[in-house]
Amino acid sequence: MSIFTSFLASLVALEFFYIMYLETFATASKTTARVFNMTQEELEKESVNTLFKNQGVYNGLIAVLVLIATFVQPSPVWLGIFMAYIILVAAYGALTSDPKILLKQGGLAILTLLSLFF
């Protein structure tokens, strides 16, 4: 795995740690409201807050798995699988929520996946 691929994968992990932070620790913040195009009042609802925190844990786990596949047990195959998963989730979000999600959430993963082939 190239240094460039490792660098891109690290950026993907950082992105997902940031998403985890927004969803788990800064759930009702102005930044979270802006990023997810929701009002702070919506984010303060207990049901939404709980769902966001749960989703944040998943995003944090994705970040950890990307780092493991990059540095702890370097595996281009597993890194590719994680990037494909991230891209598919971003594509689903683009279809069901906002088309911009494909590049916002999946852009770095697309570049990382492509870098595995060069």
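Residues numbered from 1 in each chain as written. Predicted model: local features only at pLDDT ≥ 70, side-chain atom pairs only at ≥ 80, totals over all residues. Heavy atoms only, no water.

Thoughts on helix 6 (residues 101–115)
Given 3.6 residues per turn, any residue in an α-helix points the same way as the ones three and four places further on. In a regular helix each residue adds 1.5 Å, so 15 residues correspond to 21 Å; helix 6 covers 21 Å between its end C-alpha atoms and thus fits that length. The largest bend in helix 6 is about 55°, located at Gly107. Among the residues making up helix 6, those that are buried are Gly106, Gly107, Ala109, Thr112 and Ser115. The elements touched by buried residues of helix 6 are helix 1 (3–25) and helix 5 (76–96). (Helix = DSSP H or I, 4+ residues; strand = E, 2+ residues; numbered from the N terminus. Expected span 1.5 Å × (residues − 1). Bend = angle between axes of the 7 residues up to and from the residue. Buried < 20%, exposed > 50% of the residue type's maximum accessible area, 1.4 Å probe, protein only. Contact = heavy atoms within 4.5 Å.)

Remarks on the packing of helix 1 against helix 6
Describing two packed helices takes the angle between their axes plus the distance from one axis to the other. Where helix 1 meets helix 6, the closest approach of the two axes is 9 Å, and the angle between their N-to-C directions is 160°. The orientation of helix 1 with respect to helix 6, classified from their angle, is roughly antiparallel. The two elements helix 1 and helix 6 cross, and the hand of that crossing is left-handed. Across from Phe4, Thr5, Leu8, Ala9, Leu11, Val12, Glu15 and Phe16 in helix 1, the residues of helix 6 making contact are Lys104, Gln105, Leu108, Ala109, Leu111, Thr112 and Ser115. Looking at the contact of helix 1 with helix 6 residue by residue, the class counts come to 9 nonpolar, 4 polar and 2 charged. (Axes fitted to C-alpha atoms, helices over the stretch in contact; angles between N-to-C directions. Parallel < 35°, antiparallel > 145°, perpendicular 65-115°, else oblique. Left-handed = near helix turned anticlockwise from the far one by under 90°. Nonpolar A, V, L, I, M, F, W, Y, C, P; charged D, E, K, R; others polar.)

A closer look at the confidence of the model for the protein chain
The share of residues in the protein chain with pLDDT of 70 or more is 100%, and the mean pLDDT across the chain is 97. In the model of the protein chain, helix 3 (residues 40–44) stands out as the element of lowest mean pLDDT, 95, in contrast to helix 1, which has the highest, 98. (pLDDT = per-residue confidence, 0-100.)

Focus on unusual backbone geometry
Positive phi, normally seen in glycine, also occurs at Asn37, with a value near 55°. Residue position: Asn37 is located in the loop between helix 2 (30–35) and helix 3.

Quick look at the layout of surface pockets
Taken as a whole, the largest pocket spans an internal volume of roughly 1000 Å³. Taken together, 33 residues make up the lining of the largest pocket; nearest its centre are Ile19, Glu23, Phe36, Ile101 and Gln105. Sorting the residues of the lining of the largest pocket by element identifies helix 1, helix 2, helix 4 (46–72), helix 5 and helix 6 as the ones contributing at least two each. Per-element tally for the lining of the largest pocket: the top contributor is helix 4, with 9 residues. (1 Å grid on protein atoms, 1.4 Å probe; cavity = no way out; pocket = protein on both sides within 12 Å on 5 of 7 lines; lining within 4 Å. Points joined across faces, edges and corners; volume = space filled by probe spheres on them.)

Comments concerning the side chain of Thr5
If you trace the backbone, Thr5 turns up in helix 1. At 2.8 Å, the side chain of Thr5 forms a polar contact with the side chain of Ser115. Residues within four places of Thr5 in sequence aside, it is in contact with Leu79, Thr112, Ser115 and Leu116. (Polar contact = N/O pair within 3.5 Å; in protein donor to acceptor, adjacent residues only side chain to side chain.)

Thoughts on the packing of aromatic side chains
One pass over the structure, following the stated rule, counts 3 aromatic pairs. Between Phe36 and Phe52, the ring centres sit 5.1 Å apart and the planes meet at 80°, which makes this aromatic pair edge-to-face. With Phe36 in the loop between helix 2 and helix 3 and Phe52 in helix 4, this residue pair connects regions lying 16 residues apart in the sequence. Under the relative-accessibility criterion, Phe36 is labelled partly exposed at 27%. Pairing Trp78 with Phe82 gives two aromatic rings, centres 5.9 Å apart and planes at 35°, and the pair type is tilted. Remark: Phe82 and Trp78 occur in helix 5; sequence separation between them is 4 residues, near one turn of the helix. Among the residues examined, Phe82 registers a relative accessible area of 18% and is labelled buried. (Phe/Tyr/Trp six-rings, centres within 6.5 Å; stacked < 30°, edge-to-face > 60°.)

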